[in-house]
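Inside the fold
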Amino acid sequence: MELDDAIAWYAEQAPGLGDAFLIEVLKTLRLVEQFPQAWHPLRPEIRRCRLRRFPYSVVYTQDGPGILVLAVAHQHRKPDYWKNRLG
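Residues numbered from 1 in each chain as written. Predicted model: local features only at pLDDT ≥ 70, side-chain atom pairs only at ≥ 80, totals over all residues. Heavy atoms only, no water.

All right, on to the side chain of Thr 28 then. Its location among the elements puts Thr 28 in helix H2 (residues 17-34). Owing to a relative accessible area of 5%, Thr 28 belongs among the buried residues under this scheme. At a separation of 2.8 Å, a polar atom in the side chain of Thr 28 contacts the main-chain carbonyl oxygen of Glu 24. Non-local contacts of Thr 28, meaning those with residues more than four positions away in its chain, are made with Cys 49, Leu 51 and Val 58. (Helix = DSSP H or I, 4+ residues; strand = E, 2+ residues; numbered from the N terminus. Buried < 20%, exposed > 50% of the residue type's maximum accessible area, 1.4 Å probe, protein only. Polar contact = N/O pair within 3.5 Å; in protein donor to acceptor, adjacent residues only side chain to side chain. Contact = heavy atoms within 4.5 Å.)

Put into structure tokens, the structure is as follows:
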């Protein structure tokens, strides 16, 4: 939902910008999958990897051999809104 909303918002701002945002999110997800321990821990089990071009972060936790994305979160709006997703 939040990813779709962000893509739509960027697409309205300039042609191709929504696609550029999605591509950067996908690149970031690949990096997180390859190096899940490489980014800033928010808590011992939760990490955040910031996108380079856009003010968003991928918030995730390791889920066995894979990762579980908790949020694609804007870095300045509604901080920590995703915390209720931890269960």
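Summarising the sheet, strand E3 (residues 56-63) and strand E4 (residues 66-74) pair through 8 bridges and their orientation is antiparallel. Bridging from a neighbouring strand, Ser 57 pairs with Ala 73 of E4. (Pairing = 2+ DSSP bridges.)

It is worth spelling out the nonpolar core at this point. Membership of the largest hydrophobic core comes to 15 residues, with the highest contact counts inside it found for Tyr 10, Phe 21, Leu 51, Phe 54 and Tyr 56. Mapped onto this core, the elements with two or more residues apiece are helix H1 (2-13), H2 and E3. Element by element, the count of residues in this core is highest for H2, at 5 residues. Setting aside chain neighbours within four positions, we find Phe 21 in contact with Leu 3, Ala 6, Ile 7, Tyr 10, Leu 51, Phe 54, Tyr 56 and Val 72. Ranked by size, the runner-up nonpolar core spans 6 residues in total, among them Val 59, Leu 70, Ala 71 and Ala 73. (Core = buried A, V, L, I, M, F, W, Y, C linked by side-chain atoms within 4.5 Å.)

On to the packing of aromatic side chains, then. Under the criterion given, the structure shown has 6 aromatic pairs. Taking 5.1 Å as the distance between ring centres and 85° as the angle between the ring planes, the aromatic pair formed by Phe 21 and Phe 54 counts as edge-to-face. Of this pair, Phe 21 sits in helix H2 while Phe 54 sits in the loop between strand E2 (46-50) and E3, and the two are 33 residues apart along the sequence. The exposure classification of Phe 21 matches that of Phe 54, with both residues buried. (Phe/Tyr/Trp six-rings, centres within 6.5 Å; stacked < 30°, edge-to-face > 60°.)

It is worth spelling out the confidence of the model for the chain at this point. Predicted confidence across the chain gives a mean pLDDT of 90, with 95% of residues reaching 70 or more. Mean pLDDT across the elements of the chain ranges from a minimum in strand E1 (residues 40-43), with 89, to a maximum in H2, with 97. (pLDDT = per-residue confidence, 0-100.)

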